[in-house]
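# Residue-level structural notes
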Amino acid sequence: MAAGGGRGLEIALDAWPEAVIEEVAKSGLRGRGGAGFPTGEKWRSVRSIGAGPRFAVCNGAEGEPATFKDRLLLRTNPYRVLEGLAIAAYAVGAGRAFVGLKETFAPEIEAVRRALEEMQDAGALGTVPIDIVLGPDLYLFGEETGLEEVIEERLPFPRVARPFMLGLFAQPPNENPTLVNNVETLSNVPNILADGPDWLRANGTETSPGTMLFTICGDVRREGVVELPLGTPLRHLVEEAAGRCPDGRAVKAIFPGASNTVIVPEQLDTPMDFDSMREVGTGLGAAGFAVFDESACIVRAAYLYSRFLSVESCGQCPACKFGTGEVTAALESIEAGTGSEGDVELVLVRARNSTDGQKCALPTGESLLMQSLVQVFGDEFRAHAWTSCPLPRDLPFHKIVDWDVAAGRFAYDTEYARKQPDWTTS
């Protein structure tokens, strides 16, 4: 509070909710959780569409590979996140708000609980009650409708209807429109209210204003989380912030999490903003980037990421469950040296069909990333058939569990290889 915390909420509570939404809309803030949807437009929809009580939710169930930004924010400044949630809840007319966290996020849970108690004792959160909800360490807990399911005390099986259409605890004839915003999105809100929309627009681009937290990991000298203006070239993140690849090796491929097409060295000068990344055929997503240098086997990397999406699929949509599973099985055969060129084609076919009738974006990631890898690195996939790996270097799977800031290295979930498609561990 001495540093200015709380001013945004005070200003918001003295204004009409519609005026608060207008300020957020003027800032051009876009969601920092993946799709980059305009935040003001989302808030306006939740407030104005549908019948029944409103709810507001902070999505802190970060689970995208190669991403650590939300957990860093929750650890270092949970007060800012909670103030942003309180402002959002007031603006959309919510009667109750929630923070969703994975039960494995021990430092984040401790930080948020402490901050929530302190702010409640200081009367610094307005009148909307905020509850912390803990859920399983599952990728789909971070999907907004899967998060709703966990709040309602069920497993995170995604729904067809989006939260603003059919929200928490909805019963006919009430839709209970619900706002779900990412941790980093909400962290921008207090300053927008306290300092005006131009505060956000002082950085970034016209269509992607502000800064963003970028996670970079893998084959670089310094792994970590870096705050940069949106529109900064990807090359700056890889070469300046992360110090390039080790031992003078060159970048071979960059995976933007598990949800978009692969990025190749020729695209390193692409500005890191929502529209520029889309224009080159990929996506910014949650701004997490896993770098693979020329010593890495792309077949092995593809298998690790495909296995993740196969294991994390909930199985509600058969095309997804069987599609991701068959892609993973084919990649496992190729990677083991027992696969054929027919398996390479099978990866393309099954990845393309994994999105039929989908409820969430998980199979979209499988389709985009796997198809792009085979298309770009087809010769490497085919050369890998019926033979041992020509690049047998061990590769980690980039499911981050912690960050050693001093060393500039992430710790990865080394137990993840034991996780099975039924969400148990063998």
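Residues numbered from 1 in each chain as written. Predicted model: local features only at pLDDT ≥ 70, side-chain atom pairs only at ≥ 80, totals over all residues. Heavy atoms only, no water.

### Side note on helix H6 (residues 106-121)
Which entries qualify depends on this criterion: Strands here mean DSSP runs of E at least two residues long; helices mean DSSP runs of H or I at least four residues long; both are numbered from the N terminus. Under the convention used throughout, the expected extent of a helix is 1.5 Å for every residue step, that is, one less than its residue count. For each residue, the accessible area found with a 1.4 Å probe, counting protein chains only, is set against the maximum for its type, and the residue is called buried under 20%, exposed over 50%, and partly exposed in between. This arc describes the spread of directions from the helix axis toward the C-beta atoms.
Relative to the 22 Å expected for 16 residues at 1.5 Å per residue, H6 spans 23 Å between its end C-alpha atoms, a close match to the ideal helical length. Within H6, burial applies to Glu108, Ile109, Ala111, Val112, Ala115, Leu116 and Met119. Here the buried residues of H6 occupy an arc of 165° about the axis, which is enough to place them on one side. Exposed residues pointing more than 90 degrees away from the buried face of H6 are listed as Glu110 and Asp121.

### Details of the packing of aromatic side chains
Here is the rule: Centre distance within 6.5 Å is the pairing criterion for rings of Phe, Tyr and Trp, where only the six-membered ring of Trp is used; planes under 30 degrees apart are then read as stacked, over 60 as edge-to-face, and the remainder as tilted.
Applying the stated criterion across every chain yields a total of 13 aromatic pairs. Cluster of aromatic residues (ring-pair linked, three or more members): Tyr139, Phe255, Phe292, Tyr305, Phe308, Phe397 and Tyr416.

### Side note on the packing of helix H13 (residues 318-336) against helix H14 (residues 341-353)
The following threshold applies: Axis lines are fitted to C-alpha atoms, over the contacting stretch for helices. Their N-to-C directions set the angle, which ranges from 0 to 180 degrees. Put simply, angles under 35 degrees are roughly parallel, angles over 145 are roughly antiparallel, angles from 65 to 115 are roughly perpendicular, and the rest are oblique. Crossing handedness follows the turn of the near helix against the far one: under a right angle anticlockwise gives a left-handed crossing, and clockwise gives a right-handed one. Whether two residues are in contact is decided by their heavy atoms: any pair within 4.5 Å suffices. In this count, Pro and Cys sit with the nonpolar residues alongside Ala, Val, Leu, Ile, Met, Phe, Trp and Tyr, while Asp, Glu, Lys and Arg are called charged and the others, Gly among them, polar.
Contact geometry of H13 with H14 gives a least axis separation of 9 Å together with a crossing angle of 160°. With respect to their mutual orientation, H13 and H14 come out roughly antiparallel. Of the two possible hands of crossing, H13 and H14 adopt the one that is left-handed. Across the interface between the two elements, Ala319, Gly323, Glu326, Val327, Ala330, Leu331, Ser333 and Ile334 from H13 touch Asp343, Val344, Leu346, Val347, Arg350, Ala351 and Asn353 from H14. Considered class by class, the residues forming the contact of H13 with H14 number nine nonpolar, three polar and three charged.

### Some details on the sheet that holds strand S4 (residues 178-182)
The criterion, for reference: A pair of strands is treated as paired once DSSP finds two or more bridges between them.
Within the open sheet, the four strands sit side by side as S3-S2-S1-S4. Their pairing is parallel. Of all the strands in the sheet, just strand S3 (130-135) and S4 have a single pairing partner and so form its edges. Going across the sheet, the axis of each strand differs from the next one's by a mean of 25°, ignoring polarity. Contacting strand S1 (54-60) and S4, helix H8 (residues 183-195) crosses the sheet at an angle of about 95° to S4.

### Section: helix H12 (residues 298-312)
In an α-helix there are 3.6 residues to a turn, and that puts residues three or four apart on one side. In this model, H12 (15 residues) spans 21 Å end to end at C-alpha, consistent with the 21 Å of a helix rising 1.5 Å per residue. Counted residue by residue, H12 has 14 buried out of 15 residues, so it is predominantly covered.

### As for the pattern of salt bridges
For clarity, the cut-off: Each salt bridge in this description consists of a side-chain nitrogen of Lys or Arg and a carboxyl oxygen of Asp or Glu lying within 4 Å of one another.
Summed over the entire model, instances satisfying the criterion amount to 37 salt bridges. Ionic pairing is found between Glu62 and Arg71, a salt bridge with its closest N-O pair at 2.9 Å. By the burial criterion, Glu62 is buried, and Arg71 matches it. Put simply, Arg162 and Glu143 hold a salt bridge, and the shortest N to O gap is 2.9 Å. Note that Arg162 is positioned in the loop between helix H7 (144-151) and S4 and Glu143 in the loop between S3 and H7, a separation of 19 residues in sequence.

### What about the side chain of Glu223?
Rules: N or O atoms within 3.5 Å of each other form a polar contact, as long as, within protein, one can give a hydrogen and the other can take it, and as long as residues adjacent in sequence are counted only when both atoms are side-chain atoms.
As for its placement among the helices and strands, Glu223 is situated in the loop between strand S5 (211-218) and strand S6 (224-229). Overall, the relative accessible area of 5% leaves Glu223 in the buried class. Polar contacts involving the side chain of Glu223 include one to the side chain of Tyr412, which spans 2.5 Å. With residues up to four places along the chain from it excluded, the contact list for Glu223 reads Ile216, Cys217, Gly218, Trp403, Gly408, Arg409, Phe410 and Tyr412.

### Regarding the pairing of strand S2 (residues 94-102)
The condition is simple: By convention, orient the strands away from the viewer: a clockwise path from the first strand over the helix to the second makes the crossover right-handed.
Across the nine residues of S2, seven count as buried, placing the element largely inside the fold. Here S1 runs beside S2; their pairing, made up of seven bridges, is parallel. The partner of Ala56 across the bridge, within S2, is Ala97. Sheet topology note: the S2/S3 ladder contains six bridges and is parallel. If you follow Phe98 over to S3, its bridge partner there is Asp131. The β-α-β motif built from S2, the intervening H6 and the parallel element S3 has right-handed crossover chirality.

These figures come from the coordinates and say nothing about function on their own.
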